[in-house]
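Reading the structure
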Amino acid sequence: MYYDKLFKLMEWTVEKIESNRSRIELMLEKIDAASEADIDHAVEHVTSNFDFSIPGVPTLVGVLVEDFIDSIHARLDHKYVIAVNYPILPSVTLGLNYAQKRTNADIYIFASTLNSINVLGNIFDKYTRVLEVGELVGQAAGRAHCAQYQAEAGLFELGILPVPDQVIVSGWFCDQAAEADEMLSRIFGFEPLYLEGVMDWTWEENLDERIVHYDANSIKRVFNRIEELTGLVANAEDTNKGWQYFGTLANATVNLLDMNAKASRQIFSHADISLVYWSMFVAADLKHEEKVLGAVEKVIKAATERVEKGEGILPENSPKIYLGMRTICDVKNLKIIEEAGLHVTHIFMDAFTKYELMPPIIENPTPEIQATEFFFKRPGLSNAGNLYQYEADSMKQYNCDGAILSYLFNCRPWSLGAVMGKDYIEKTINKPVMIMEADFYDSRLYSPEQQKTRVESFAEVLKLNKEMEMMGFAE
Ligand code: SF4
């Protein structure tokens, strides 16, 4: 069939394509990509975004697509459908997935919108329609609503994703997610289960244990409600397995990033590195557990070999920069930065901080308390000021020559962060910072050509600074 070439590229076997024909075709119809021209475009688009010659990359892309197809079929395949919405990582709810796997309960628990945004944006180039439809369903542009929730509205309205029975709504850190899902729950009729969060801790001060207990209780309440509705209970072993799986993927991501940041030249494009990072989003569907772990291992092995051989995608000693945002829907702006000759060491909250690496403050924590304390230690989730401190500290750690920060035009928490972060970095570590327009979930409002010119000028400044620094060092 006309679409086989795309699936073969992602290392789907002929037998697997054959046995999934009706599922693939339903997906292509739903996303308006059921033609040879659409598939030719998708092949061109995805191969320009990701390097399929890196071992593990085709599998990771293939898993994103398979997970997307499964999520489209969730209502047809399962009695209950439960979605977990961002900004909360699946680590908090993975225990439920292990409980489902252990009991074989007829429930599908998934990180719905994130993977759909990624697949539609970076693989099929069919994302814009979803945002536009979402804007017609109460998530209008200019009303300060997050584009992730414009996308959720569009995905439900277009019938791409089924409306779940319950949505675990993240009230942690960001109020827009909870506000938008409250509105969408009334339009589409799902039951919102709120994680209430007061994420506020200035790192140097004592951890406010009362707040941690309050937030942890909201996880407990969500789990209790799911038990009441479906009978599903995550026991201690399920929860531990969830944290272990999440921890394995998180550590693999941090190791890969650390290796790339310390190398004398950038090893892989961050588009490819992001595939390992994104594997945490599809972690909620344990169907791909072994395949994902195997592919991640291959990517890390290939990266190690490149370091040993001194290979990479940029010349040695290119200026190193910290990038303040990882766009989920479009890796093109990453490519622009790398093509300008800048070695991107780490992105947003990639690196672990000294706070995350320290032992738990609250003794004998329940799994919910452990999860909550973990998020309080993450830069930016606990307190905006902590993010700026993390940015400056991690830039020093990786010898960065500068930074590119982005204000997110659709996001209240991060719309000002770039301006304040620039001020903090320039004052504390005296490194140049450029601010670039971008958004996690919406690439319509900036032009790659315009970004390219600005990034190239910034790269020239950093290259000159670097040459002068090296000459001074030689003297
Ligand atoms: S992008 Fe911003 S507004 Fe949207 S969920 Fe994330 S933090 Fe909240």
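Residues numbered from 1 in each chain as written. Predicted model: local features only at pLDDT ≥ 70, side-chain atom pairs only at ≥ 80, totals over all residues. Heavy atoms only, no water.

With that settled, consider the nonpolar core. Counting residues in each nonpolar core, the largest one holds 169 residues, and the members touching the most others are Phe7, Met27, Phe50, Phe124 and Tyr441. Here the element with the most residues in this core is helix α13 (residues 236–262); it accounts for ten residues. If we ignore the near neighbours within four places in the chain, the residues touching tyrosine 441 are Tyr86, Leu114, Ile117, Tyr127, Leu131, Cys146, Ala147, Gln148, Ile328 and Cys329. (Core = buried A, V, L, I, M, F, W, Y, C linked by side-chain atoms within 4.5 Å. Buried < 20%, exposed > 50% of the residue type's maximum accessible area, 1.4 Å probe, protein only. Helix = DSSP H or I, 4+ residues; strand = E, 2+ residues; numbered from the N terminus. Contact = heavy atoms within 4.5 Å.)

On to the sheet that holds strand β7 (residues 402–408), then. The strands that make up a sheet pair up through hydrogen bonds in the backbone, lying either parallel or antiparallel. Sheet architecture is open: four strands sit in the order β6-β5-β7-β8, paired in parallel fashion. Each end of this open sheet is capped by a strand with a single partner; those strands are β6 (343–347) and β8 (433–438). Strand after strand, the sheet turns through a mean of 30° between neighbouring axes, direction not considered. Sheet topology note: the strand β5 (residues 320–323)/β7 ladder contains three bridges and is parallel. If you follow tyrosine 322 over to β7, its bridge partner there is alanine 403. The sheet strands contacting α13 are β5 and β6, and the helix crosses β6 at an angle near 150°. (Pairing = 2+ DSSP bridges. Axes fitted to C-alpha atoms, helices over the stretch in contact; angles between N-to-C directions.)

All right, on to the site of the ligand then. The local shell around the ligand holds twelve residues, among which Cys146, Cys174, Gln176, Cys411 and Tyr441 are the closest. At the level of secondary structure, the elements contributing two or more residues to the shell around the ligand comprise α10 (147–157) and α20 (412–415). Counted by class, the shell around the ligand contains ten nonpolar, two polar and no charged residues. (Near = heavy atom within 4 Å. Nonpolar A, V, L, I, M, F, W, Y, C, P; charged D, E, K, R; others polar.)

The subject of this paragraph is the pairing of β7. Where burial is concerned, most of β7 is hidden: six out of the seven residues are buried. As judged from the six bridges shared by β7 and β8, these two strands associate in the parallel manner. By the bridge assignment for β8, alanine 403 is matched with valine 433.

Before going further, it helps to spend a moment on the packing of helix α3 (residues 21–30) against helix α5 (residues 57–72). Where α3 meets α5, the closest approach of the two axes is 10 Å, and the angle between their N-to-C directions is 80°. When the axis of α3 is compared with that of α5, the two are roughly perpendicular. Here Arg23, Ile24, Leu26, Met27 and Lys30 of α3 come into contact with α5, specifically with Val65, Phe68, Ile69, Asp70 and Ile72. Taken together, the residues that form the contact of α3 with α5 break down as seven nonpolar, no polar and three charged. (Parallel < 35°, antiparallel > 145°, perpendicular 65-115°, else oblique.)

Another aspect to go through is helix α11 (residues 175–188). Because each turn of an α-helix spans 3.6 residues, side chains separated by three or four positions in sequence point in the same direction. The end-to-end C-alpha distance of α11, which contains 14 residues, comes to 20 Å, matching closely the 20 Å that a straight helix rising 1.5 Å per residue would cover. By the burial criterion, the buried members of α11 are Gln176, Ala177, Ala178, Ala180, Asp181, Leu184, Ser185 and Phe188. On its buried face, α11 is in contact with α10, β3 (166–171), β4 (191–196) and α20. (Expected span 1.5 Å × (residues − 1).)

Further remarks concern unusual backbone geometry. Despite not being glycine, glutamate 11 shows a phi value in the positive range, around 65°. Positionally, glutamate 11 belongs in the loop between α1 (4–9) and α2 (14–19). A positive phi angle, close to 55°, is found at aspartate 125, a residue other than glycine. Note on placement: aspartate 125 falls in the loop between α8 (112–124) and α9 (128–136).

Counted under the stated rule, the structure contains 31 salt bridges. Where glutamate 289 meets lysine 101, a salt bridge forms, and the shortest distance between an N and an O atom there is 3.1 Å. With glutamate 289 in helix α15 (residues 289–309) and lysine 101 in helix α7 (residues 94–103), this residue pair connects regions lying 188 residues apart in the sequence. Beyond isolated ion pairs, a larger network of salt bridges with shared partners links Lys16, Arg23, Glu66, Asp70, Asp77, Lys287 and Lys291. (Salt bridge = Lys/Arg side-chain N within 4 Å of Asp/Glu carboxyl O.)

Turning to a negative patch on the surface, a few remarks are in order. On the surface, Asp200, Asp208, Glu209 and Glu363 cluster together into a negatively charged patch. Within the fold, aspartate 208 resides in the loop between β4 and α12 (209–230). Assessed through its relative accessible area of 34%, aspartate 208 is described here as partly exposed. (Patch = residues over 30% accessible without salt bridge, like charges linked within 9 Å, V, L, I, M, F, W, Y side chains within 5 Å. Areas by Shrake-Rupley, 256 points an atom, 1.4 Å probe, with all protein chains shown as cover. Lys, Arg positive; Asp, Glu negative; His and termini not counted. Charge placed at Lys NZ, Arg CZ, Asp CG, Glu CD.)

Take the packing of α5 against α8 next. Relative to each other, α5 and α8 sit at 125°, their axes nearing to 10 Å. Between α5 and α8, the angle is such that the two are oblique. Our pair here, α5 against α8, has a crossing hand that is left-handed. Together, Val61, Leu64, Val65, Asp67 and Phe68 of α5 and Asn115, Ser116, Asn118, Val119, Leu120, Ile123 and Phe124 of α8 make up the contact between the two elements. Split by residue class, the contact of α5 with α8 holds eight nonpolar, three polar and one charged. (Left-handed = near helix turned anticlockwise from the far one by under 90°.)

This part is about the side chain of glutamate 338. With respect to the helices, strands and loops of the structure, glutamate 338 is situated in helix α16 (residues 332–339). An unpaired buried charge is present at glutamate 338: no salt bridge exists, and lysine 335, the closest side chain of opposite charge, is 5.4 Å distant. A polar contact of 2.8 Å, which involves the side chain of glutamate 338, links it to the side chain of glutamine 266. Here glutamate 338 is in contact with Gln266, Ser269, His270, Ile313, Leu314 and Val344, once residues within four sequence places are set aside. (Polar contact = N/O pair within 3.5 Å; in protein donor to acceptor, adjacent residues only side chain to side chain.)

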